[in-house]
Amino acid sequence: MSAASVALDDLWVAYDGTPAVRAVTGRFAPGSLTAIVGPNGAGKTSLVKAMLGLQHCSRGAVRLDGATRAEIGYLPQRAEIDRNFPISVLDMVQMGHWRRTGWFGRMPAAATRQSLAAIDAVGLGPQVHAPISTLSAGQLQRALFARVIVRDAGLIVLDEPFDAIDARTTAELMALVETWHRDGRTVIAVVHDLQQARTRFGDALLLARDVIAWGAAERVLTPDNLSKARLRLEAANESWADAGAEAGP
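Counting restarts for each chain, with residues numbered from 1 along the sequence as it is written. Local features in this predicted model are restricted to residues whose pLDDT is 70 or higher, and side-chain atom pairs enter the listing and the counts only when it is 80 or higher, whereas totals over whole chains, interfaces and linings include all residues. Excluded from the side-chain calculations are hydrogens and water; all other atoms, namely the structure's heavy atoms, are used.

1. Topic: the pattern of salt bridges
Any two side chains of opposite charge can pair, so long as their charged atoms come close to each other. Threshold: Note on definitions: salt bridges are taken to be side-chain nitrogens of Lys or Arg within 4 Å of carboxyl oxygens of Asp or Glu. Secondary structure elements follow DSSP: runs of H or I of four or more residues count as helices, runs of E of two or more count as strands, with numbering from the N terminus. Three exposure classes are used, based on accessible area relative to the maximum for each residue type with a 1.4 Å probe and protein chains only: buried under 20%, partly exposed in between, and exposed over 50%.
With the rule as written, the count across this model stands at eleven salt bridges. Notably, a salt bridge pairs Arg-168 with Glu-172, separated by 3.1 Å at the nearest N-O pair. With Arg-168 and Glu-172 both in helix H6 (residues 167-182), this residue pair falls four residues apart, about one helical turn. According to the relative accessible area criterion, Glu-172 is partly exposed, its value standing at 33%.

Spelled out as structure tokens, the structure:
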């Protein structure tokens, strides 16, 4: 498995003229394991979606080396999944094969075997035919991880993969992330747990709309940098609120 890299060049993302991400420049190196960290509203998901081509960049560029966007293994936030959609765990995981089979192509028996193996690997074997609407938060997250497994991607992007799940599920899924990293894949994850980011990820990007620090996690996630991120975001929010008030209705 050859890892891919992602280079960001003066990347800006805005909503209704208000910047959500500003002037982000840097590179996720091949084979790196990076936590994207920052206060609520720091632009973490906006940055991820811009990298994936799911959000328009108002300025700048995203450059992929070693993978196309269609080849990225992406795990969205759980809130973006329509749990009322009438599909089973197996159906959801089979979607990970779409790049090879097409959306309406016949699913080869080998692909189904891979899906079943991935479901077993995340501990969901007994729920293989269960509707996703019946899953707990942790079970749904395991199913999403199984879908990433079958993508077999060299570049994996995870948006809040450990949000609101129990400690056991978090530990087991983090072990899977570390296996991907040992395999040489490039893994990027939006993470809220600072201790996890410091101790389990080699690199970190600390974001507060713009980059506060980017590099080795222990050097990025310092008390000074975290305080700077919080103050930078507060100042930006106050500045934009003042600008909106001056503009008037």
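Now that the structure has been shown, the text picks up again.
2. Some remarks on the sheet that holds strand E5 (residues 73-75)
Sheet strands pair by backbone hydrogen bonding; their relative direction is either parallel or antiparallel. Which entries qualify depends on this criterion: Being paired, for any two strands, means DSSP has found at least two bridges between them. Between N-to-C directions, angles span 0 to 180 degrees; the directions come from axes that are lines fitted to C-alpha atoms, helices contributing only their stretch in contact. When checking whether two residues touch, look at their non-hydrogen atoms; a contact exists if any pair is within 4.5 Å.
The six strands are arranged E5-E6-E7-E3-E8-E9 in an open sheet whose pairing can be described as mixed. Taken across any chain shown, the strands that pair with only one partner, and hence form the sheet edges, are E5 and strand E9 (210-216). Each strand of the sheet is rotated relative to its neighbour by a mean of 10 degrees, with strand direction disregarded. Inspection of the sheet shows E5 paired to strand E6 (residues 155-159) by three bridges, in the parallel sense. The residue bridging Gly-73 from the neighbouring strand is Ile-156, located in E6. Helix-sheet contacts for helix H1 (residues 44-52) involve strand E3 (33-37), E5, E6, strand E7 (186-190) and strand E8 (203-208), and the interaxial angle to E3 is about 135 degrees.

3. Thoughts on helix H4 (residues 109-121)
Condition: In this analysis, the expected span of each helix is defined as 1.5 Å times one less than the number of residues it contains.
The terminal C-alpha atoms of H4, which comprises 13 residues, lie 18 Å apart, in line with the 18 Å expected from a rise of 1.5 Å per residue. Contacts from the buried residues of H4 go to helix H2 (89-94) and helix H5 (137-151). One or two residues past the end of H4 sits Gly-123, with phi positive at roughly 80 degrees.

4. Details of the nonpolar core
The condition is simple: The nonpolar core is taken to be a set of buried Ala, Val, Leu, Ile, Met, Phe, Trp, Tyr and Cys residues, with the residues joined through side-chain atoms within 4.5 Å.
One finds Met-92, Ile-119, Phe-145, Leu-158, Val-177 and Trp-180 to be the most contacted residues of the largest nonpolar core, which totals 50 residues. The element best represented in this core is H5, accounting for seven residues. When near neighbours in sequence (up to four residues on either side) are disregarded, Met-92 contacts Ile-81, Ile-87, Ile-132, Leu-140, Ala-143, Leu-144 and Arg-147. Judged by nonpolar contacts, the second largest core, of 25 residues, contains Ala-4, Leu-8, Val-21 and Ala-50.

5. Observations concerning H6
For an α-helix, the turn length of 3.6 residues means that residues three or four places apart are oriented alike. To keep things clear, this is the line we draw: Polar contacts, as counted here, are pairs of nitrogen or oxygen atoms within 3.5 Å of one another; within protein the pair requires one atom able to donate a hydrogen and one able to accept it, and residues that are adjacent in sequence qualify only if both atoms are side-chain atoms.
In this model, H6 (16 residues) spans 22 Å end to end at C-alpha, consistent with the 22 Å of a helix rising 1.5 Å per residue. Taken residue by residue, H6 has Thr-169, Thr-170, Leu-173, Met-174, Leu-176, Val-177, Glu-178 and Trp-180 as its buried positions. Where H6 begins, the capping side chain belongs to Asp-166, and its oxygen is found 3.1 Å from the backbone nitrogen of Arg-168. In the segment just after H6, Gly-184 is the residue with positive phi, at about 95 degrees.

6. Some points on the sheet that holds strand E4 (residues 59-65)
Reading across the sheet, the three strands line up as E2-E1-E4 and stay open at both edges, with antiparallel pairing between neighbours. Looking along the sheet, the strands with just one partner apiece sit at the ends: strand E2 (18-28) and E4. Pairwise comparison of adjacent strand axes, ignoring direction, gives a mean angle of 15 degrees for this sheet. With six bridges connecting them, strand E1 (residues 5-15) and E4 associate as antiparallel partners. Across the sheet, Leu-8 pairs through a bridge with Val-62, a residue of E4.

7. So, unusual backbone geometry
Positive phi values are uncommon outside glycine, yet Glu-160 reaches one of about 55 degrees. By the secondary structure assignment, Glu-160 is in the loop between E6 and H6. Here Arg-209, not a glycine, exhibits a phi torsion of approximately 75 degrees, which is positive.

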